[in-house]
Amino acid sequence: DTAVSQTPKYLVTQMGNDKSIKCEQNLGHDTMYWYKQDSKKFLKIMFSYNNKELIINETVPNRFSPKSPDKAHLNLHINSLELGDSAVYFCASSQSLGLNRSYEQYFGPGTRLTVT
Amino acid sequence: SQQGEEDPQALSIQEGENATMNCSYKTSINNLQWYRQNSGRGLVHLILIRSNEREKHSGRLRVTLDTSKKSSSLLITASRAADTASYFCATGRSGSARQLTFGSGTQLTVLP
């Protein structure tokens, strides 16, 4: 059984297009995350939702908009794609029992986005 | 700048040897976690150590944490070819532990 799934796995698109990446977790977690991993494997948090509420919003261009229809899903929509958006995007989920506690995060397989 | 930085960036060893990776960080933390990433895959959680712990074991893994030096080490004993992967440390900061900050990773290659 897949714990955290993402679709699509690969996404190739042209500059200026709008695209979405979907993420679903079946672990019953109430916190979900989006990360961006660049070509040097540096992993940076983009957003986090807790029970459908945005709790982390790092310095990310407003072309990126997360949407959480329910606590099992966190989708990422990207408008006006740019060359620099090319990266691997990971969705993750975890339990969350308070501001100052963290638990292991479960990662999806990643979506490799290539903007040409 | 990054919160966590792993050292070395790359490590190549023979099967059966031990592998040690280090992580340094800058701010006060609530906990520190280690993750593994196989090529083309997502990250997999290995171990979590809280700020009031000094050492933790899980199978062939041993993690130490020295909060006075703001550093941690991951030791993999009796390495196997299947241990070949990138290893990342991630810190949960005090007061904001839900947000993990990842280091740049160590690429470990275990030669058969």
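Report follows, based on the coordinates. Since this is a predicted model, take the numbers as computed values, not measurements. (Residues numbered from 1 in each chain as written. Chains lettered and ligands numbered in written order. Predicted model: local features only at pLDDT ≥ 70, side-chain atom pairs only at ≥ 80, totals over all residues. Heavy atoms only, no water.)

### Quick look at the nonpolar core
Across soluble globular proteins, you tend to see nonpolar side chains buried next to one another. Core analysis: the largest hydrophobic core is formed by 21 residues, its most contacted members being B:Leu32, B:Trp34, B:Leu74, B:Ile76, B:Tyr87 and B:Leu108. If sequence neighbours within four positions are ignored, B:Leu108 has contacts with B:Leu11, B:Ile13, B:Ala19, B:Met21, B:Ile76, B:Asp83, B:Thr84, B:Ala85 and B:Tyr87. (Core = buried A, V, L, I, M, F, W, Y, C linked by side-chain atoms within 4.5 Å. Buried < 20%, exposed > 50% of the residue type's maximum accessible area, 1.4 Å probe, protein only. Contact = heavy atoms within 4.5 Å.)

### Quick look at the pairing of strand S3 (residues 19-25) of chain A
Residues and elements named next belong to chain A. When strand S1 (residues 4-7) meets S3, the two strands line up antiparallel, connected through 4 bridges. Pairing of glutamine 6 across the sheet is with cysteine 23, part of S3. Note that S3 and strand S8 (residues 73-78) share 4 bridges and pair antiparallel. Paired with serine 20 across the bridge in S8 is histidine 77. (Pairing = 2+ DSSP bridges. Helix = DSSP H or I, 4+ residues; strand = E, 2+ residues; numbered from the N terminus.)

### With respect to the sheet that holds S1(A)
All names here are of chain A. Within the open sheet, the 4 strands sit side by side as S1-S3-S8-S7. Their pairing is antiparallel. Strands with a single pairing partner mark the edges of an open sheet, and in this sheet they are S1 and strand S7 (64-70). The average angle at which neighbouring strand axes cross in this sheet is 20°, direction not considered. Two elements, S7 and S8, share 5 bridges in a ladder whose sense is antiparallel. Each bridged residue has a counterpart across the sheet, and for aspartate 70 the counterpart in S8 is histidine 73. (Axes fitted to C-alpha atoms, helices over the stretch in contact; angles between N-to-C directions.)

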